[in-house]
Amino acid sequence: MKQKFALEKKTFAVLMGLLAFLLLVPSCKTDDKVPDLSEEGTNDWIYKIMTDYYLWYEDVPDKGSLNFSQSPDKFFASLLSDQDGVKYGDSWLTFSRIEKKKEETKSITESDSYGFEFASYKSGDHYYAWVLYVLPDSPAAEAGLKRGDWIVAVGSENPNVTSTSAFFSGGETTFLLADMERVNNSVILHKRETLSISASRAVEDTPFLKDSVYTINGKTVGYLAYKSFTSGPDDENEAYNDLMKQIFARFKAKNVNEFVLDLRYNQGGLVSCAQLMTSLLAPADALGKTFCIMEHNDKQTSKNETLLMKKNSELGNANLDLKRLYVLTGETTASASEAVINCLIPYMGRSNITLIGEKTIGKRVGANTFGTKEDYEWLVSPITLRIYNAEHNADYANGFAPDVPIEELVVGNQLLPFGDTNELLLSEAISRITGLKSQSVRSESGERIKLPLSFERKKKEGLLYDPAK
């Protein structure tokens, strides 16, 4: 069966992970002894946080002009500075966030999920999901869903998805897969097969998507696809950091001397994980020196801090002593991902860090989370600090522009598995490392389509705001 539709009237979206572009530092506790948990009391608490800790506290409106009887999420949005965020497509991506507490506030496990991430494409009233990756031990993995698959219907043999939530979670069902062929200004849908998938459930949201070592043309190349800077399954756990050191120890044992770091879907996370990652990649003579400088507003200068690169003994002697690095970036690469790039520049030089893919977000600030130890029903994570590298530079407010621009998410491109040497972005990196011609195939027919970030999922989870600007 073929279904044809024109491109001009369609809406594209990328629906990405759980971390909401935050570069997080340890949470803070406020001084309320017996908190007033009413909405007005909660808003008073939020106002005090914002006027004391917010990086742009001078931009917070005067108390007398605010409506303290609003719900806390709307009240919080009314306090935000125009400097808080970046323009993204036709929307405004705000970095500070507020969310209602769940029963387990520290878990980064994705509850009630089919276990895959996707870009969404809308045709008329119907959405289609283009699978970006599948998490291991998930219903999607068990069903045989793969990166690059197109899901065009759920529980039906004809397109029927009118809300992208159907792709996130639900009961036992079927996914109708299709091939999408691009012909001039049209996309033709070819039905392929139907997969049975079990009901959604809690799935561990591991940050490690793929690690590989290649020996090509005399070069030993390490590759790591890493999707979030998370220390472990919860904030008190170091399992993922420990695994990162083990992975790099294997790279070291195989004498890796060139490296491709795949951050195309990595939206950020913990500054401590970025510190670890940077230390593992950096030239050996950078170890023990400045990783980053974190500066708060002028009311909180006592909290300013300089973090150092880890010593090799703290890394399990797994530092790779790289002199250059290739980083694969995407349109949602942000925050801690950008900090790794920026904080390597003083030690490698910008010319020795080759960015392949798309321009990054431009998030050079960090947040603290308030409310984890108080009885309020909300967690508040305002931007509280700016992140500089060892040269006190943070000149990427508009994002890092790629040295080699490649748009991956174009209808007609093939999304090969991570680590496949013919995969679009990795193939380009290997070509530049080895001098061999890239074997990847790109869609060249018609106008390239940019897939802008969608806020739909994050709004549902209370993680991002899209205030009128």
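An account of the accompanying structure is given in this report. Since the model is a prediction, treat every value here as computed from it, not as a measurement. (Residues numbered from 1 in each chain as written. Predicted model: local features only at pLDDT ≥ 70, side-chain atom pairs only at ≥ 80, totals over all residues. Heavy atoms only, no water.)

This part takes up the packing of helix H1 (residues 39–53) against helix H2 (residues 72–79). Where H1 meets H2, the closest approach of the two axes is 10 Å, and the angle between their N-to-C directions is 30°. Comparing their axes, H2 and H1 come out roughly parallel. In the crossing of H1 with H2, the sense of the turn from one axis to the other is right-handed. In this structure, H1 uses Glu-39, Thr-42, Asn-43, Ile-46, Tyr-47 and Met-50 to contact H2, whose residues at the interface are Pro-72, Phe-75, Phe-76 and Leu-79. (Axes fitted to C-alpha atoms, helices over the stretch in contact; angles between N-to-C directions. Helix = DSSP H or I, 4+ residues; strand = E, 2+ residues; numbered from the N terminus. Parallel < 35°, antiparallel > 145°, perpendicular 65-115°, else oblique. Left-handed = near helix turned anticlockwise from the far one by under 90°. Contact = heavy atoms within 4.5 Å.)

Let us look at helix H7 (residues 336–348). Given a rise of 1.5 Å per residue, 13 residues ought to cover 18 Å, and the 18 Å separating the end C-alpha atoms of H7 matches this to within 8%. What H7 keeps buried is the set Ala-336, Ser-337, Glu-338, Ala-339, Val-340, Ile-341, Asn-342, Cys-343, Leu-344, Ile-345 and Met-348. Looking one or two residues beyond H7, the residue adopting positive phi is Gly-349, at roughly 90°. (Expected span 1.5 Å × (residues − 1). Buried < 20%, exposed > 50% of the residue type's maximum accessible area, 1.4 Å probe, protein only.)

Under the defined criterion, the tally for this structure stands at 21 salt bridges. The closest approach of N and O atoms between Arg-97 and Glu-99, which form a salt bridge, is 2.9 Å. Each member of the pair, Arg-97 as well as Glu-99, carries the same accessibility label: buried. What emerges from the salt-bridge pattern is a single network uniting Arg-147, Asp-262, Arg-264, Glu-408 and Glu-423. (Salt bridge = Lys/Arg side-chain N within 4 Å of Asp/Glu carboxyl O.)

The next subject is the sheet that holds strand S25 (residues 404–405). Sheet architecture is open: 6 strands sit in the order S14-S15-S16-S20-S21-S25, paired in mixed fashion. Edge strands, defined here as strands with exactly one partner in the open sheet, are strand S14 (208–216) and S25. Judged from the 5 bridges that link them, strand S15 (residues 219–226) and strand S16 (residues 258–262) form a sheet pairing that is parallel. Paired with Tyr-223 across the two strands is Val-260, which belongs to S16. (Pairing = 2+ DSSP bridges.)

Right, let's get into unusual backbone geometry. Peptide bonds are trans in most cases, and residues, glycine excluded, mostly fall at negative phi. The phi torsion at Asn-255 lies on the positive side, around 60°, for a residue other than glycine. By the element assignment, Asn-255 lies in the loop between helix H5 (239–253) and S16. Unusually for a residue other than glycine, Asn-317 sits at a positive phi of about 55°. Structurally, Asn-317 is set in the loop between strand S19 (305–308) and strand S20 (325–329).

Moving on, we get to the packing of helix H6 (residues 271–281) against H7. Their axes nearest at 9 Å, the elements H6 and H7 cross at an angle of 35°. Viewed along their axes, H6 and H7 form a crossing whose handedness is right-handed. Within the contact between the two elements, H6 uses Ala-274, Met-277, Thr-278 and Leu-281 and H7 uses Ala-336, Val-340, Leu-344 and Met-348. In terms of residue class, the contact of H6 with H7 is built from 7 nonpolar, 1 polar and no charged. (Nonpolar A, V, L, I, M, F, W, Y, C, P; charged D, E, K, R; others polar.)

Core analysis: the biggest nonpolar cluster contains 51 residues, and Phe-248, Phe-259, Met-277 and Leu-281 have the highest contact counts within it. Leaving out residues up to four positions away in the same chain, Leu-281 has contacts with Phe-248, Phe-259, Leu-261, Asn-319, Asp-321, Leu-322, Leu-325, Val-340, Leu-344 and Met-348. Counting 38 residues, the second-largest nonpolar core is a separate cluster that includes Ala-153, Leu-176, Val-221 and Ile-433. (Core = buried A, V, L, I, M, F, W, Y, C linked by side-chain atoms within 4.5 Å.)

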